[in-house]
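Spelled out from the first residue to the last, the chains are:
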Amino acid sequence: MKISDMVSMCLGNLFRRKMRTLLTITGVIVGTCAIVIMISLGLGMTLSQEAALAQMGDLTMIEVMNYGYNGEGEPKIMDDAAVAVMQKLPGVVVATPVYQPHYINANFYSGKKDRYCMQYSNLIGIYADAMPLMGYQLLEGEFPTGPQADQKKPVSVVLGQYTDYEFEDTKSKYNRWTWPETDAEGNVIRSPFVDMFKSEVYLSTQPPESEENKEDKTKHIQREIKAVARIKEDWDKGYETSRGILMDINDLKKLEEEFIRANKISTNKNENQGYSRVSVKVETLDDVDPVETEIKAMGFETRSMETVRKPMQEQVRQQQMFLGIMGGISLAVAAIGIANTMTMSIYERTREIGVMKVLGCLVQNIRSIFLMEAGVIGFIGGCAGVCISYLVSFLMNYFQFSFNGVGGSNNGMMGGGFYMSGGGGEQAAASLPVSVIPFWLVGAAILFATLMGLLSGIMPANRAMKISALEAIKHE
């Protein structure tokens, strides 16, 4: 029997009982639609989770803390050698100490007679070559390439976006401060007293003149400062991106050492526990966990978004599994319907099967016809189910439907075991779809529905093969 003959016979048999075939296909449509929508909701949850995590900070950043002792009570020093070991770990982009001086309070001065002063500055030292790799966004200038070799030249610093607004007008009685006030279009209305890119600025450990500081016998140091770059405010990367000052760690250490020598400050090296904090940036999210494990094995404590991401991912996986099982049950019920339809078809066409055998039709061809009919039912139901799933997905995204029955903007939160939406979410999260149907899901759904149809038709097809030709011809 030719393939074209089997296809023609298959279609003819399906349309012989139109209503029964339609009802069977409807069952497949419902099952396919259920499994596609359930999986699409799970994918929507994943997008929501990623958006929520992105709002929490840089997911590829690991903060390493040193409390002086490891978990077994042994002293651990997190020095440059330890940082170098972290830098060599697989997947690490850059590892740098985040150093704040212990012995000096850096004040910045500018203007005639030091009129403008920045006290209690957030001065931080990191490796200069690490700055471009930390993910800072440059607004102007270029990052320094290393420590200042000539100590007589100005020290290069990197400014936060609004660091200039930290200067105080010490000679004014009223308007001693200015702030980055903006108009409706976001343009800055008020300028700072000092533009550190254009003005002469120097760093000094000398506090501003006051009655309290008149009897200060401390020997203070000062250095001229040169702003070489300004970075965009990003609270995920630290306060220094907003109103802080970054300096090469070696330059900052030299300033502190100079101050210590000038004032003959005794430091106990035995109590030196190295850096208290190191920032490690890795290439991908998959690198966070193994790098953290290696650093903890060195005896240091770590903190990253992995502790938040893992439970959220596990929750989403459980929800996706539950939703997929619900959809699978619907499709399994449809498979039972296909098997029932094909079995009924055998009883109705017993005489026809006998005639085919008497005419010399191979039993494999008979089996193929029934399998083809079952597969076509699954294929048509799968295609129609995917089309309806697209419509349902569009309506869910348009009305921001959720399992709790509340419409509104998608705030990317999950609760009660299902996806929840409500007002007041972030603007970025509000644009996320509730249901996501990628192309791979479409192909997988149609293929799965077709395979379910074929599997459902195996038993009826085998039954048709075993029917005796003589008994079948006698069948009324």
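Source: prediction; values computed, not measured.

Enquirer: Help me out: how do you make sense of the pattern of salt bridges in this one?
Expert: It is possible for side chains of opposite charge to pair when their charged atoms get near one another. Scanning the entire structure with this criterion turns up nine salt bridges. Between glutamate 140 and arginine 230 there is a salt bridge, with its nearest N and O atoms 2.8 Å apart. Of this pair, glutamate 140 sits in strand β6 (residues 138–141) while arginine 230 is found in strand β10 (residues 222–231), placing the two residues 90 residues apart along the sequence. You can call glutamate 140 partly exposed: its relative accessible area is 34%. Judged by relative accessible area, which is 7%, arginine 230 ranks as buried.

Enquirer: What is the right way to look at unusual backbone geometry in this model?
Expert: Negative phi characterises most residues that are not glycine, and trans characterises most peptide bonds. Phi at tyrosine 120 is positive, roughly 50°, even though this residue is not glycine. Residue lysine 264 is not a glycine yet carries a positive backbone phi of 50°. Overall, the relative accessible area of 73% leaves lysine 264 in the exposed class.

Enquirer: Sorry if this is basic, but what is going on with the packing of aromatic side chains here?
Expert: How two aromatic rings sit relative to each other is set out by the distance from centre to centre and by the angle between their planes. Within the structure shown, the criterion is met by seven aromatic pairs. On the basis of an interplanar angle of 15° and a centroid distance of 5.4 Å, the ring pair of tyrosine 116 and phenylalanine 193 is categorised as stacked. In this pair, tyrosine 116 sits in strand β4 (residues 116–118) while phenylalanine 193 sits in the loop between β8 (168–169) and β9 (201–204), placing the two residues 77 residues apart along the sequence. Assessed through its relative accessible area of 18%, tyrosine 116 is described here as buried.

The rules we used
Note on numbering: residues in each chain are counted from 1, in written sequence order. The predicted nature of this model means local features are confined to residues of pLDDT at least 70 and side-chain atom pairs, given and counted, to a pLDDT of 80 or more, with totals for whole chains, interfaces and linings taken over all residues. Think of the side-chain values as coming from all heavy atoms in the structure, minus any hydrogens and water. Each reported salt bridge corresponds to a side-chain nitrogen of Lys or Arg within 4 Å of a carboxyl oxygen of Asp or Glu. The helix and strand labels rest on DSSP assignments: H or I over at least four residues marks a helix, E over at least two residues marks a strand, and numbering proceeds from the N terminus. Relative accessibility decides the category of a residue: with a 1.4 Å probe and only protein chains considered, values under 20% of the type maximum give buried, values over 50% give exposed, and everything between is partly exposed. A pair of aromatic rings is counted whenever rings of Phe, Tyr or Trp (Trp by its six-membered ring) have centres within 6.5 Å, and the orientation is called stacked for planes under 30 degrees apart, edge-to-face for over 60 and tilted otherwise.

Any functional reading would require information that these geometric values do not contain.
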